[in-house]
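Fold and geometry: a report
Listed below, chain by chain, are the residues.
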Amino acid sequence: MTTTSIADPMSPATTTIPVGPLHVALEEPMYFRIDISGERVAHVGINAGHVHRGIEYLATKRTLIQNVVLTERICSLCSNSHPEAFAMAAEEIGGIEVPERGKYLRVIAAEVKRVASHLFNVAILAHLVGYDALFMHVMQVREIAQDLKEGVFGNRMDLGAICIGGARYDLDEETTALLRSSLDKLEPEIAEIEKTYRTNGSILRRTRDVGVLANSDAIACGVVGPVARASGVDYDVRREAPYHVYDRMPVEVKTRQDGDVWSRAMIRLHEARNAISIIRRCLDTLPTGPVNVGEKPDVPAGRAVARSEAPRGELIYFLKTGDSEQPERLKWRVPSFMNWDALTFMMRDAKVADIAIIVNSIDPCVSCTER
Amino acid sequence: MSRIPDDIETRLRAAAPSGISYEQKTDPLGVTVAWCELANKDELLAIAECLARCGARLSMITGSQPPAPPEVEAEESETDAGDGVAEAASPEPTLSFGGTPLDGTAYELDYHFDLAGDALTVVALVAQGSSIASLTPVYRTADWPEREIMELYGLRIVGHPDPRRLFLDKSIEPAVLERLIPFSTLTNATSTSDLWSKVMEAGKEASQ
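Conventions used here
- Residues numbered from 1 in each chain as written.
- Chains lettered and ligands numbered in written order.
- Predicted model: local features only at pLDDT ≥ 70, side-chain atom pairs only at ≥ 80, totals over all residues.
- Heavy atoms only, no water.
- Helix = DSSP H or I, 4+ residues; strand = E, 2+ residues; numbered from the N terminus.
- Rg over C-alpha atoms; globule rule 2.2 N^0.38 Å.
- Buried < 20%, exposed > 50% of the residue type's maximum accessible area, 1.4 Å probe, protein only.
- Contact = heavy atoms within 4.5 Å.
- Areas by Shrake-Rupley, 256 points an atom, 1.4 Å probe, with all protein chains shown as cover.
- Lys, Arg positive; Asp, Glu negative; His and termini not counted.
- Charge placed at Lys NZ, Arg CZ, Asp CG, Glu CD.
- Arc of directions from axis to C-beta.
- UniProt positions renumbered as here; feature names shortened; annotations may be inferred.
- 1 Å grid on protein atoms, 1.4 Å probe; cavity = no way out; pocket = protein on both sides within 12 Å on 5 of 7 lines; lining within 4 Å.
- Points joined across faces, edges and corners; volume = space filled by probe spheres on them.
- Buried area = accessible area lost by both parts, 1.4 Å probe.
- Salt bridge = Lys/Arg side-chain N within 4 Å of Asp/Glu carboxyl O.
- Polar contact = N/O pair within 3.5 Å; in protein donor to acceptor, adjacent residues only side chain to side chain.
- Nonpolar A, V, L, I, M, F, W, Y, C, P; charged D, E, K, R; others polar.
- Pairing = 2+ DSSP bridges.
- Axes fitted to C-alpha atoms, helices over the stretch in contact; angles between N-to-C directions.

Per the secondary structure count, chain A includes 14 helices and 8 strands. Radius of gyration (C-alpha) of chain A: 21 Å, near the 21 Å computed for a compact globule of 371 residues. Overall, the C-alpha framework of chain A stretches about 70 × 50 × 30 Å when taken along its three principal axes. The buried share of chain A, reckoned over its 371 residues, is 61%. Here the analysis covers contacts within chain A between residues at least 6 apart in sequence; of these, 72% occur between residues at least 24 apart. As displayed, chain A offers around 13200 Å² of accessible surface, 50% of which is attributable to carbon and sulfur atoms. Each charge class in chain A can be summarised by its mean position, and for the 44 positive and 50 negative side chains these summaries are 2 Å apart.

Put into structure tokens, the structure is as follows:
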């Protein structure tokens, strides 16, 4: 997107440094060309495309059923959200009504992923701050969520929980007990981590008033998810456009006004804790019955948009089907795609040392962005 | 942010005097999904300005080349065997609502807007060889999606402030989604020529 110039990049005092493409914050490639004036960022240029794989083209060569598998592999941290939104679009075209139990199971899968995803991002923040003891502690707590996923879904990242017409898994007494005991372990740990991030001097010094995104810039950039909510944009797909059974769930949409790195981390920790309440509500009110519609669902020619709240924010899918089993067009936009542009505002006059912390604070997903 | 206003259709019709085809549906949870197809793609900017005044957020832009609808003439020609004139005439391509020929080369652009949870998609069809206005003067968020569409298709988007490639390298021939690319060519595209020149040199040295 257009880059924001603060100082004259041609002035002799500016130097250009490459940041990336590897190891900016995560092990995914994104290349920043940053002009530095003294110790401050003067200009940010973003060069993308290192992991462009042409998945949208590939999707038009796969049947709808195969695309459930393909879309889950676009991203690892929000893997479940992709087939979820894709299936919702297909169900909209086909007029398929997901059974109640299937809707609850979909919410459980989505919220389990949210806990793990947010803890991962917050852990990386501690690592970038240089507080590696905290990093390892948060990753260890996240491991409870990883074990939970492995126990309930059979896999630590790709859950395979979604199919067109419902959920692809079911809970029995044993897995429900595992889920509940894992939540009981996670909840106090996350509350403790939240307290640490709220009070620890090392965290606060490196994250407060760093990478600020003003509310008006957040709206102009169209940012979504925790990045938007930390800048006072009161929007969450689960509340604004409820799907599955989110209208019956205790979804607490929290916003903050400061728009700094710390606010984004605190929003994520709050949402991880809220996700636990949502999963508990699901388990308490889980109806009996089928988990999906059973037979291979029929999806005629048509078009639909579907949205879901992935851990990083609004995920939107557009599906257009024709007479064949393959989609005529399948297009999606991940939350990170919107959030990159905001980095040019967040890095305005930032210290060089804070670049990685700021990049991590949008919880970037490059493989999602470039597809 | 506010949801789709009740008089949205009137407002959109006022912004697009050439006409629109509008439909909307509200689900049991109160979420409205609306579709607005433009008769004239040149009225897109006026529609976008109208939606911006309603507080809409541009969420995504999809570019595609819809295939030509299947011909249904085979059966008819048998029954009307005596009608030589109809048979001789070349099949006219089906026209879109706005009169764009749907011959498989026209572009369809879908602009997906969000109004506080409601979804409104504006559909514009652009004939091959024609162009469409950039939405960047109204929406900053149109920047990346339009750059991506310009590198995937041969469509020209007029008025984009920064029409560089987004994901694909500038050495790659344009309009990648409009032609068949052999898989080996596709995968070679991920390596620079530096790598291959090194491989060739190494090969020469080994053979000497």
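Text resumes after the structure shown.
With that settled, the discussion passes to helix 1 (residues 8-15) of chain B. Residues and elements named next belong to chain B. Considered for burial, the residues of helix 1 that qualify are Ile8, Leu12 and Ala15. Each buried residue of helix 1 sits inside an arc of 60 degrees when the element is viewed along its axis, so together they form one side. Looking at helix 1, the residues exposed on the side facing more than 90 degrees away from the buried face are Thr10 and Ala14. Elements that come into contact with the buried residues of helix 1 comprise strand 1 (20-26), strand 2 (32-38), helix 2 (44-53) and strand 5 (118-126).

The subject of this paragraph is the UniProt feature "binding site: Ni(2+)" (unreviewed entry) in chain A. All names here are of chain A. In the UniProt entry, the feature "binding site: Ni(2+)" (unreviewed entry) is given for Cys75, Cys78 and Cys365. These annotated residues cover 291 residues of sequence, but their C-alpha atoms sit close together, with the largest distance between any two at 9.1 Å. In this structure, Cys75 sits in the loop between helix 2 (64-72) and helix 3 (81-94). Not counting residues up to four positions away in its chain, the partners in contact with Cys75 are His82, Asp158, Cys365, Ser367 and Cys368. Contact partners of Cys365, with chain neighbours within four places excluded, come to Glu28, Cys75, Arg312, Ser336 and Trp340.

Considered as a void within the structure, the second largest pocket measures approximately 940 Å³ in volume. Lining of the second largest pocket is provided by 32 residues; of these, A:Met88, A:Glu91, A:Glu92, B:Asp27 and B:Pro28 occupy positions nearest its centre. Where the lining of the second largest pocket is concerned, the elements lending two or more residues are helix 3, helix 4 (100-129) and strand 6 (302-310) of chain A together with strand 1 and strand 2 of chain B. Sorting elements by how many residues they give to the lining of the second largest pocket places strand 6 of chain A first, with 5 residues.

Moving on to unusual backbone geometry. Phi is positive for A:His244, close to 50 degrees, though the residue is something other than glycine. Following the sequence through the fold, A:His244 ends up in the loop between helix 10 (237-240) and helix 11 (261-285). With a phi close to 55 degrees, B:Ala175 is a non-glycine residue in the positive phi region. Among the secondary structure elements, B:Ala175 is positioned in the loop between strand 7 (156-158) and helix 6 (183-188).

This paragraph deals with the interface of chain A and chain B. If you look at the interface, chain A gives 47 residues, while chain B gives 45 residues. Together, the buried faces of chain A and chain B total about 3600 Å²; carbon and sulfur atoms form 59% of this surface. For the pair chain A and chain B, the number of links is 8 salt bridges. Between A:Lys320 and B:Glu108 there is a salt bridge, with its nearest N and O atoms 2.6 Å apart. Applying the counting criterion to the chain A and chain B interface returns 13 residue pairs in polar contact (both at pLDDT 80 or more). Put simply, the parts of the chain that give the side of chain A that touches chain B at least two residues each are strand 3 (40-47), helix 8 (215-221), strand 6, strand 7 (313-321), strand 8 (327-333), helix 12 (335-346) and helix 14 (366-370) of chain A. Of all the elements, helix 12 of chain A adds the most residues to the side of chain A that touches chain B, at 6 residues. Split into classes, the residues belonging to the side of chain A that touches chain B amount to 22 nonpolar, 9 polar and 16 charged.

Take the sheet that holds strand 6 of chain A next. All names here are of chain A. An order of 6-7-8 is seen for the 3 strands of this open sheet, with the pairing classed as antiparallel. Since the sheet does not close on itself, it has two edges, and those belong to strand 6 and strand 8, each with one partner. Geometrically, the sheet is characterised by an average inter-axis angle of 15 degrees between neighbouring strands, direction not taken into account. In terms of strand pairing, strand 6 meets strand 7 through 9 bridges, oriented antiparallel. Across the sheet, the residue bridging to Glu309 is Glu314, located in strand 7. Running at roughly 25 degrees to strand 8, helix 2 makes contact with strand 7 and strand 8 of the sheet.

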